[in-house]
Amino acid sequence: MLDDFLFRALLGGVMVALVAGPLGCFVVWRRMAYFGDTMAHSALLGVSLGLLLSIQPVIGVALVVVIAAFALFWLERFRWLASDTALGMLAHGSLAVGLVVASTVPGLRIDLMSYLFGDILAIGRQDLIWIAAGVAITMLALGLIWRDLLAATVQADLAKAEGVPVGRVRLIFALLVALLIAAAMKIVGILLVTALLIIPAAAARRVSGSPEVMALVAALLGAISVGGGLGLSLWIDSPSGPSIVLAAIILFVLVLAGTGLVAGGTDRRR
Amino acid sequence: MGAAAVIGGQENHGGDRRLLARAQALEVQFGGRAVLSGVDMDIAAGEIVTIIGPNGSGKTTLVKALLGLISVTQGSARLMPGTRIGYVPQRFGVDAVLPLRVDRLMTLTAPASASAIGAALERVGVAHLRRADVASLSGGETQRVLLARALLRQPDLLVLDEPVQGVDFAGEAALYALIGELRDEMGLGVLMVSHDLHVVMAATDQVLCLNGHICCAGVPSDVSRHPEFLRLFGRQAAATLAVYRHEHDHDHDLHGHVVADEADGDHAPDPHGHGHHAHHSHSGHE
């Protein structure tokens, strides 16, 4: 079965979506969508460096994204620099450097589209192993820090006063997002990774009464998006990455329409 | 709770009470500017300490220093070993993007049995809110739920940062009455920040007036028998509220620095200009 490229694509995509859902919930709750986007943009530099140094691109990506995460933590200390400005600078700066470095790597130019927008149908056996390892580590670690991270998200001071190592769990969370981005790059590409994190989570919010339920629903909706997008891509021969994101958006609209009829779309109160 | 109630109730005003938290010559700076300096304070089991002071006077900073949430520049602020705290922070709002019900909020940092959660909510009178969305609670409901959360941890010291904010007057009196009961039942120490410069919880054992340093300290005067006060607040409220009379021996300039008081030793009714509407004497200390 693993010989079938479609099955490999589906397996890899679903694995990533299952962990992107819960992780994406925290991205949504902590209002870090742009943070995830920035880390994803820096991934291209990782790909370029990986190829330049002839190491696995995935390793290059994981390294650069982790460095980007640390750089963001460091930049946050400068009060004179607005955090969204820092994010924008890092996002576009690292993307630019990544593109420049990529232009020096022979043959990478041809491949650029697959890195920017994903190439899920090209997932090989080795990719699957990398994805499985990344997803397993992320899932396990997220499970371990779940309570602490949620407490730190609800009220950091309260969590800290009650013994939660707030700084540490925040850092671990940033590293997990970095790891997921490295794993998800093959699926939807650098420019669309954040969509896989936030759209299923946003849709899940409409039908969830607790953080844990929202995480499970987001995982489920993400997996459905991968399947649906893959089907759409085969059906109308569209690029797979954008098709998956489109499927997620369609799911979001469907959830909105479904719940809107019951609950009304007016409950914007806090 | 039963056993603790007896012990706490009896020992409330007894002699040697267990020290729960202590600040010594505490100084905290933000960006090179001292927000707090030379602050000494103790709080013991069964004792209610209320911190008052104008905006920006360092009330929340003092609380956060004691809880270890911010770093201390000089001196020390610490909880005594073994002191379990129940903390109600100043600002608490759960964003609507996060679905969180009251029962889940109760187990935010530590698991608890369903019966313990029920008992804690019952104790503060909000058992009916157990399945409610935290984002939909009113100010008073939120404060009670947070109080229940704090109690669930079986604390020795309750730290309440402006517990009556967003609560109407009747609610304020009821909340103070509840806090007083909890102290009596469980022998808790209570450290409370008040949003009001003059009206504090009647059961307060000690008031600390803060403005970068401790301006004055004392006990609130019992005014519940004064007819005017009764008329103003109503009998119920007056029983739980008290007025604190500031006895300052110095003044502050516009930057909050202490200036020599010319009328030294002359305790005019209101040497500090704190009396009624004159908070502006501290307003430079933001």
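Residues numbered from 1 in each chain as written. Chains lettered and ligands numbered in written order. Predicted model: local features only at pLDDT ≥ 70, side-chain atom pairs only at ≥ 80, totals over all residues. Heavy atoms only, no water.

With respect to the overall build of chain A
To keep things clear, this is the line we draw: Helix numbers and strand numbers start at the N terminus; a helix is a DSSP run of H or I with at least 4 residues, a strand a run of E with at least 2. Each residue is placed in one exposure class: buried if its accessible area under a 1.4 Å probe, protein chains only, is under 20% of its type's maximum, exposed if it is over 50%, and partly exposed if it falls in between. Contacts are assigned to residue pairs with any non-hydrogen atoms lying within 4.5 Å of each other. Only the protein chains shown count as cover for residues, with accessible areas throughout obtained via the Shrake-Rupley method and a probe of 1.4 Å.
Counting secondary structure elements, chain A contains 11 helices and zero strands. In chain A, the succession of α and β elements from N to C terminus is α-α-α-α-α-α-α-α-α-α-α. Burial analysis of chain A (270 residues in total) assigns 52% to the buried set. Sequence separation of 24 or more characterises 77% of the internal contacts of chain A that already satisfy a separation of 6 or more. Element-wise, carbon and sulfur atoms account for 70% of the exposed surface of chain A, whose accessible area totals about 12300 Å².

So, the confidence of the model for chain A
Threshold: Residue-level confidence of the predictor is what pLDDT reports, using numbers from 0 through 100.
For chain A, per-residue confidence averages 89 on the pLDDT scale, and residues scoring 70 or more make up 94% of the total. Averaged pLDDT values for the elements of chain A fall to 77 in helix α5 (residues 108-117) of chain A and rise to 96 in helix α10 (residues 211-236) of chain A.

Quick word on the pairing of strand β3 (residues 48-52) of chain B
Residues and elements named next belong to chain B. Condition: Two strands make a pair as long as DSSP finds a minimum of two bridges between them.
A large share of β3 lies buried, amounting to five of its five residues. Burial along β3 is two-sided: Ile48, Thr50 and Ile52 facing one way and Val49 and Ile51 facing the other are all buried. Bridge count for β3 against strand β7 (residues 189-193) is four bridges, and the pairing is parallel. Residue pairing across strands places isoleucine 48 opposite valine 190, the latter belonging to β7. With four bridges joining them, β3 and strand β9 (residues 206-210) adopt parallel strand pairing. Paired with isoleucine 51 across the strands is leucine 208, a residue of β9.

Notes on the interface of chain B and chain A
This is how the line gets drawn: Defined in terms of a 1.4 Å probe, buried area is the accessible area two parts forfeit on being brought together, summed over both. Counted as salt bridges are all cases of a side-chain nitrogen of Lys or Arg within 4 Å of a carboxyl oxygen of Asp or Glu. N or O atoms within 3.5 Å of each other form a polar contact, as long as, within protein, one can give a hydrogen and the other can take it, and as long as residues adjacent in sequence are counted only when both atoms are side-chain atoms. Throughout this entry, Asp, Glu, Lys and Arg are counted as charged residues, while Ala, Val, Leu, Ile, Met, Phe, Trp, Tyr, Cys and Pro are counted as nonpolar. The remaining residues, Gly among them, count as polar.
With 29 residues of chain B at the contact, the number on the chain A side is 25 residues. Summed over both sides, the interface between chain B and chain A buries roughly 2500 Å², with carbon and sulfur atoms accounting for 57% of that surface. When the buried surface of chain B facing chain A is broken down by residue, Pro99, Arg104 and Leu108 of chain B rank first, second and third, together holding 24% of it. Among the salt bridges present, the one from arginine 149 of chain B reaches glutamate 162 of chain A, with a minimum N-O distance of 2.8 Å. At the boundary of chain B with chain A, the tally comes to 11 residue pairs in polar contact (both at pLDDT 80 or more). When residues of the side of chain B that touches chain A are traced back to their parent elements, those giving at least two are β5 (85-88) and α3 (102-106) of chain B. A per-class count over the side of chain B that touches chain A returns 17 nonpolar, five polar and seven charged.

Digging into the packing of aromatic side chains
To describe a pair of aromatic rings, one takes the distance between the centres and the angle between the planes. All names here are of chain A. Inclusion rule: Stacked, tilted and edge-to-face pairs are distinguished by plane angle, under 30 degrees for stacked and over 60 for edge-to-face with tilted covering the rest, among Phe, Tyr and Trp rings (Trp via its six-membered ring) whose centres lie within 6.5 Å.
Under the defined criterion, the tally for this structure stands at six aromatic pairs over all chains. Their ring planes at 80° and their centres at 5.2 Å tell us that tryptophan 74 and phenylalanine 78 sit as a pair that is edge-to-face. According to the relative accessible area criterion, phenylalanine 78 is partly exposed, its value standing at 26%. Three or more aromatic residues link up through ring pairs in this structure, and these residues are Phe26, Trp29, Trp146 and Phe173.

Considering the sheet that holds β7 of chain B
All names here are of chain B. Defined as follows: Every angle, taken between N-to-C directions, lies between 0 and 180 degrees, and every axis is a line fitted to C-alpha atoms, over only the stretch in contact when it is a helix.
Taken together, the six strands give an open sheet; going across it, the order is β5-β6-β7-β3-β9-β10, and neighbouring strands pair in mixed fashion. Of all strands in the sheet, those bounded by a partner on one side alone are β5 and β10 (214-218). Averaged over all pairs of adjacent strands, the angle between their axes in this sheet comes to 15°, without regard to strand direction. Bridge analysis of β5 against strand β6 (residues 157-161) gives four bridges, and the strand direction is parallel.

A closer look at the sheet that holds strand β4 (residues 74-79) of chain B
Residues and elements named next belong to chain B. With antiparallel pairing, three strands are arranged side by side in an open sheet as β2-β1-β4. Both outer strands of the open sheet, β2 (33-44) and β4, are each paired with one neighbouring strand and no more. Adjacent strand axes in the sheet meet at a mean angle of 20°, parallel and antiparallel pairs treated alike. In this sheet, β4 lies alongside strand β1 (residues 19-30) in antiparallel orientation, the contact comprising five bridges. Within β4, the residue paired with arginine 22 across the bridge is arginine 78. Across the sheet, helix α2 (residues 59-66) lies against β1, β2 and β4, angled at about 120° from β1, the strand it touches most.

Here we look at helix α9 (residues 193-205) of chain A
Most of α9 of chain A is tucked away, with 10 of its 13 residues classed as buried. Where α9 of chain A is concerned, the buried positions are Val193, Thr194, Ala195, Leu196, Leu197, Ile199, Pro200, Ala201, Ala203 and Ala204 of chain A.

A short note on the pattern of salt bridges
Enumeration according to the criterion identifies 12 salt bridges over all chains in this entry. A salt bridge links aspartate 184 of chain B to arginine 183 of chain B, with the shortest nitrogen-to-oxygen separation between them at 2.9 Å. Taking relative accessible area as the criterion, aspartate 184 of chain B reaches 33% and is therefore assigned partly exposed. Judged by relative accessible area, which is 4%, arginine 183 of chain B ranks as buried. Among the ionic contacts, a cluster of salt bridges with common partners joins Glu162 of chain A together with Arg149 and Arg153 of chain B.

Description of the state of the cysteines
Each disulfide is one covalent bond, formed between the sulfur atoms of two cysteines. All names here are of chain B. Using the following cut-off: Count a disulfide wherever a pair of cysteine sulfur atoms falls within 2.5 Å.
Within this structure, the stated rule accounts for zero disulfides over all chains. Free of any disulfide, cysteine 209 has its nearest cysteine sulfur in cysteine 216, 4.3 Å distant. Its relative accessible area of 0% is what places cysteine 209 among the buried residues.

Some details on the packing of helix α1 (residues 5-29) of chain A against α10 of chain A
Residue and element names in this part refer to chain A. We count it as follows: Two helices that cross are described as forming a left-handed crossing if the nearer one is turned anticlockwise from the farther one by less than a right angle, and a right-handed crossing if clockwise.
Contact pair α1 / α10: the axes reach a minimum separation of 7 Å and the direction vectors enclose 145°. By crossing handedness, the relation of α1 to α10 is classed as right-handed. Counting all contacts with α1, which are made through Leu6, Ala9, Leu10, Gly13, Val14, Ala17, Leu18, Gly21, Pro22, Cys25 and Trp29, the residues of α10 involved are Pro211, Met214, Ala215, Ala218, Ala219, Gly222, Ala223, Val226, Gly227, Leu230 and Leu234.

A closer look at the pairing of β7 of chain B
All names here are of chain B. To be explicit about the condition: For a crossover, the right-handed case is the one in which the path from the first strand over the helix to the second runs clockwise, viewed with the strands pointing away from the viewer.
Counted residue by residue, β7 has five buried out of five residues, so it is predominantly covered. Summarising the sheet, β6 and β7 pair through five bridges and their orientation is parallel. Considered in β7, the bridge of valine 159 is made with leucine 191. In terms of handedness, the path from β6 via helix α6 (residues 169-186) over to β7 forms a crossover that is right-handed.

So, the side chain of threonine 107 of chain B
Here threonine 107 of chain B shows up in the loop between α3 and α4 (114-123). Its relative accessible area of 12% is what places threonine 107 of chain B among the buried residues. The residues touching threonine 107 of chain B, leaving out its near neighbours within four places in the chain, are Arg147 of chain A together with Ala112 and Ile117 of chain B.

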